[in-house]
Amino acid sequence: MEIKIKLYGRYREIAGKEEFQFKVNGDTIWDVIDKFVKKYSVIEKDKKFIMVLKNNTYASFDEKIEEGDTVTISPPVVSGG
Amino acid sequence: MNFDRFRRQIIVNEIGENGQQLLSKKKVVIIGGGGLGSNSANILVRLGIGRIDIIDDDILDITNLHRMSIYNEEDIGKIKSQILAEKLQKINSEVKVRGIDKKVTKKNIESITNNSNIILDGTDNLETRFLINELSIKKKIPWVYAGVHGTIGMIMAIEPKISPCFRCISQNNIREKSFEIPVLGNLPVIISSIQITEALKLLLDKNPSGLIIYDIWNQNFERINIKRNQQCICCGKEVFELL
């Protein structure tokens, strides 16, 4: 299955692009995150905290994805400065 | 309040005399007096807000100074909320400022935010943000989330039952492991400034700008219009797990 990944924050630098088509073997958001983290291992420590949206709406990690979905991935931003 | 000091702000179309009058009657609660909270308080008191409460239970140390522009070396070792309140009062003696040396908990958040028109986020953890979010939905008090990491800041104004809430954009990782987060020193004041702009819109009944992500190093500014999650456990089903 092929979906579109949109990246924000430092993930853009890590991946070297803002968005790209991504082939996923699995059918949930967690499968997307899992494959993304394996591809860019520097993100491993963020894995459970990644901010993720599906088609600009909240998506839980166990939510199903479908061909053509856009999954937005952003690093967690939690410090109060 | 003497409005002459705001003369050049009043002629800004988005504010006007009515807007300035409205601001002088509003109460803002800022939770956290660190990089975001102290800068936001500094900006707000200059803008002419009527009343500000700053809640923080921390002591200032030297590692804070690179990103908290209102404090100086003489303040090291002092209680942040109290020293901040003293400094703010000197900027505008007509603003009612209170520094509250407390940690925000489920037991005190309702009394701390009582009668406030808006809550500003200057916290350093997700758990308190989820707590603020639940209180916001339950009591219908808008709040403005803000966070920083390295060179990136994120801001989102949350209008209960109108915009997505914080839970609509977050996974349920409330008890994240605490670690020292990198912050470029000049980032918090910019993110605070954006946070205050979003707060002004809410206070003046204007539309906020959705989720904002700003990367100060690469000068990337993004806005994402997120849809509400109708099944959200907090703003959809009104289940309050932390309150």
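Refer to the structure presented above.
Residues numbered from 1 in each chain as written. Chains lettered and ligands numbered in written order. Predicted model: local features only at pLDDT ≥ 70, side-chain atom pairs only at ≥ 80, totals over all residues.

## Things to note about the pairing of strand β1 (residues 2-7) of chain A
Residues and elements named next belong to chain A.
Working step 1: In this structure, β1 lies alongside strand β2 (residues 19-23), joined through five bridges in antiparallel fashion. Bridge pairing in β2 links E2 to K23.
Working step 2: Of the pairings in the sheet, the one linking β1 to strand β5 (residues 70-74) comprises four bridges and is parallel in character. Note on β5: the bridge partner recorded for K4 is T70. (Pairing = 2+ DSSP bridges. Helix = DSSP H or I, 4+ residues; strand = E, 2+ residues; numbered from the N terminus.)

## Topic: the packing of helix α3 (residues 35-47) of chain B against helix α7 (residues 187-203) of chain B
Residues and elements named next belong to chain B.
Working step 1: Where α3 meets α7, the closest approach of the two axes is 8 Å, and the angle between their N-to-C directions is 55 degrees. Here α7 runs oblique to α3, going by the angle between their axes. The crossing of α3 and α7 is right-handed. Here G35, L36, N39, S40, I43 and L44 of α3 come into contact with α7, specifically with P188, V189, I191, S192, S193, Q195 and I196.
Working step 2: Taken together, the residues of the contact of α3 with α7 sort by class into seven nonpolar, six polar and no charged. (Axes fitted to C-alpha atoms, helices over the stretch in contact; angles between N-to-C directions. Parallel < 35°, antiparallel > 145°, perpendicular 65-115°, else oblique. Left-handed = near helix turned anticlockwise from the far one by under 90°. Contact = placed C-beta atoms within 7 Å. Nonpolar A, V, L, I, M, F, W, Y, C, P; charged D, E, K, R; others polar.)

## Overview of the environment of W217(B)
Working step 1: Position of W217(B) relative to the elements: it lies in the loop between β7 (211-215) and β8 (220-224).
Working step 2: Sequence separation between W217(B) and N2(B) is 215 residues; the distance between their C-alpha atoms is 39 Å.

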